[in-house]
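Remarks on the overall topology
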Amino acid sequence: MTDNAAALRGNWNYPTAMRFGPGRIAELPDACKAAGMGRPLLVTDPGLANLQMVKDAIARNEAAGIPTGLFAEVKGNPIGKNVEDGLEVYRAGGHDGVIAFGGGSALDAAKAVALMAGQTRPIWDFEDVGDNWMRVDPDGVAPVIAVPTTAGTGSEVGRASVITNEATHVKKIIFHPKMLPVIVISDPELTVGLPPHVTAATGMDALAHCLEAYCAPGYHPMADGIAVEGMRLVKEWLPVAVKDGKNVAARAHMMAAASMGATAFQKGLGAIHALSHPVGAVYDTHHGLTNAVFMPYVLAFNRKAIEPKMTRLAAWLGLPDPSYQSVMDWVLALRKDLGIPHTLKDLGVGNDRLDELSAMAADDPSAGGNPVPIGAPELKQMFVASLEGRL
Ligand SMILES: [Fe+2]
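About the criteria used
Residues numbered from 1 in each chain as written. Predicted model: local features only at pLDDT ≥ 70, side-chain atom pairs only at ≥ 80, totals over all residues. Heavy atoms only, no water. Helix = DSSP H or I, 4+ residues; strand = E, 2+ residues; numbered from the N terminus. Rg over C-alpha atoms; globule rule 2.2 N^0.38 Å. Buried < 20%, exposed > 50% of the residue type's maximum accessible area, 1.4 Å probe, protein only. Contact = heavy atoms within 4.5 Å. Areas by Shrake-Rupley, 256 points an atom, 1.4 Å probe, with all protein chains shown as cover. Lys, Arg positive; Asp, Glu negative; His and termini not counted. Charge placed at Lys NZ, Arg CZ, Asp CG, Glu CD. Phe/Tyr/Trp six-rings, centres within 6.5 Å; stacked < 30°, edge-to-face > 60°. Domains from an automatic or database assignment. Buried area = accessible area lost by both parts, 1.4 Å probe. Donors = N, O, S within 2.8 Å, 3.2 Å for Na, K, Ca; no water. Tetrahedral: all angles 85-135°; square planar, octahedral: opposite > 155°, others 65-115°. Salt bridge = Lys/Arg side-chain N within 4 Å of Asp/Glu carboxyl O. Core = buried A, V, L, I, M, F, W, Y, C linked by side-chain atoms within 4.5 Å. Pairing = 2+ DSSP bridges.

Moving on, we get to the overall build of the protein chain. Scanning the protein chain from N- to C-terminus turns up 13 helices and eight strands. The globule rule puts the C-alpha radius of gyration for 391 residues at 21 Å, and the 20 Å found for the protein chain is close to it. With respect to the three principal axes, the spread of C-alpha positions in the protein chain is 60 × 50 × 45 Å. Classification of the 391 residues of the protein chain by burial places 55% in the buried group. When contacts within the protein chain are restricted to residue pairs at least 6 apart in sequence, those whose partners lie at least 24 apart make up 78%. Only carbon and sulfur atoms are counted for the fraction: they give 55% of the accessible area of the protein chain, which is about 15,400 Å². Between the averaged position of the 33 positive side-chain charges in the protein chain and that of its 41 negative side-chain charges there is a distance of 2 Å.

A few words on the packing of aromatic side chains. Counted according to the given criterion, the structure contains three aromatic pairs. Aromatic side chains W12 and Y219 sit 6.0 Å apart centroid to centroid with 50° between the ring planes, which places their arrangement in the tilted category. With W12 in the segment before β1 (17–20) and Y219 in the loop between α6 (196–215) and α7 (221–243), this residue pair connects regions lying 207 residues apart in the sequence. According to the relative accessible area criterion, W12 is partly exposed, its value standing at 37%. The exposure class assigned to Y219 is partly exposed, which follows from its relative accessible area of 23%. Seen in terms of ring centroids, W133 and F175 are 6.3 Å apart; in terms of plane orientation they differ by 85°. Their pairing is edge-to-face. In this pair, W133 sits in the loop between α5 (104–116) and β5 (144–148) while F175 sits in strand β7 (residues 170–175), placing the two residues 42 residues apart along the sequence. The class for W133 is partly exposed, based on a relative accessible area of 29%. Among the residues examined, F175 registers a relative accessible area of 14% and is labelled buried.

Turning our attention to the domain arrangement of the protein chain. For the protein chain, the assigned domains read domain 1 (17–191) and domain 2 (196–388). Of note, the centres of domain 1 and domain 2, computed from C-alpha atoms alone, are 25 Å apart. With 23 residues of domain 1 at the contact, the number on the domain 2 side is 24 residues. Where domain 1 abuts domain 2, roughly 1,900 Å² becomes buried across the two surfaces, and 63% of that area is made up of carbon and sulfur atoms.

Before going further, it helps to spend a moment on the coordination of the iron ion. Ideal geometry at a metal gives 109.5 degrees between four tetrahedral donors and either 90 or 180 degrees between six octahedral ones. Distances from the iron ion to its protein donors, namely D205 (OD), H209 (NE2), H273 (NE2) and H287 (NE2), fall within the range 2.1 to 2.3 Å. For the iron ion, the four donor atoms in the first shell make angles of 84 to 170° at the metal, a pattern classed as irregular. The sequence motif formed by the donor residues of the iron ion is D-x3-H-x63-H-x13-H. One end of the pair, D205, is in helix α6; the other, H273, is in helix α9 (residues 271–283), and 68 residues separate them in sequence. Neither D205 nor H273 differs from the other in exposure class; each is buried.

A word on the environment of S186. Following the sequence through the fold, S186 ends up in strand β8 (residues 183–186). Expressed as a C-alpha distance, the spacing of S186 and P22, which sit 164 residues apart in the sequence, is 8.0 Å. The contacts of S186, once residues within four sequence positions are left out, are M18, R19, F20, G21, P148, M255 and S259.

Two side chains bearing opposite charge may form a pair once their charged atoms approach each other closely. Inspection of every chain in the model, using the stated rule, returns 15 salt bridges. E27 is paired through a salt bridge with R24; the nearest N and O atoms lie 2.8 Å apart. According to the relative accessible area criterion, R24 is partly exposed, its value standing at 26%. Here K81 ties to D85 by a salt bridge, and the two come within 2.7 Å at their closest N and O atoms. Pair noted here: K81 and D85 are both in helix α4 (residues 80–92), with a separation of four residues, about one helical turn. Counted as one network, the salt bridges with shared partners bring together R19, R24, E27 and D30.

Grouped together as the largest cluster of nonpolar side chains are 66 residues, with contacts concentrated most on M204, L211, M231, L275, M310, L313 and F383. When residues of this core are traced back to their parent elements, those giving at least two are α6, α7, α8 (248–264), α9, α10 (287–317), α11 (324–338), α12 (354–363) and α13 (376–388). Broken down by element, this core gets its largest block of residues, eleven residues, from α10. Excluding anything up to four places from it in sequence, M231 contacts L207, C210, L211, Y214, L313, L317 and W330.

What follows is about the pairing of strand β6 (residues 160–165). Direction of pairing for β6 relative to β7: antiparallel, over a ladder of six bridges. In the sheet register, V162 faces β7, and the bridge partner there is I173. From the end of β6 to the start of β7, which pair antiparallel, there are four residues, and H169 there has a positive phi angle of about 55°.

In structure tokens:
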């Protein structure tokens, strides 16, 4: 850490009001009232829409005199059309707020519907580049209540959505400060039904957020503190949550870690996400799983820039002989323990589009947060290492 006072500056944003704990989904009607919603639209994915938890949430609202619509046509890695379709239902139903209910894809699509509720420009005009967000009419952004049902994305405490532009197959980050949900209901009981492989993959996304935020350059000691404790929670509780999905304490700690990761990454992300976004957009792979595959290769590439930080992290995690190597060994052991594949090939990614993917990764906004400056050649080097399993 520098002692140059001029470098000690940054933009810090804390998240939002969170109602955290088992059973708190029962407070949804009260949260709607607190957020000023009299006729919300619940946005989720088709799988969740068939589950009792969504039916219960809508029934509870109806019983409290809050008519609640349902839009469930959100696919994994949501596309612009999902947002447009949701927007149509929102406007036709005369809704006045959005309940974002689900995993990262549902939360992101729902937040985008809320952003677009009263806009006239196309969504791609609000891509997180420069001050594009200033183009948004803030009065046209509907309030959001977020109810996460996975522990990974942390989108419930984020001010952005990742939406794939289906015309170009590029994942775009859509940003506006008012996309931050006004209330979050984090009820770990909603995650007990997640199968082990989804628990593992989403949990690794939370870890990737904490790890990349912690490694990102820039002065944000609050984010750093949140990130290292988030990683400790992942270390202690992700294996438990994967092996014993009904363990509500493990689920709760992972839910906290996920929100912490997304709070921390306001500081920045890095090459893991820069590489993962184009792979997800082109091959439709699971985001958290893709991050988990890339993680050790990116650590290896960044080694020189992050060694002192890794030593401090290792000490906080309680790893033996704290060092860069002990963090690397832990990451590799965790991946193996959770059944995460070791190479990109195992995800079905070939080596025929490497130049294209590397160029897309270089354009991804996450690339700017990597502790070592990277462009397409460096990202290609990491792609090749990840395909071949070379650390
Ligand atoms: Fe992520």
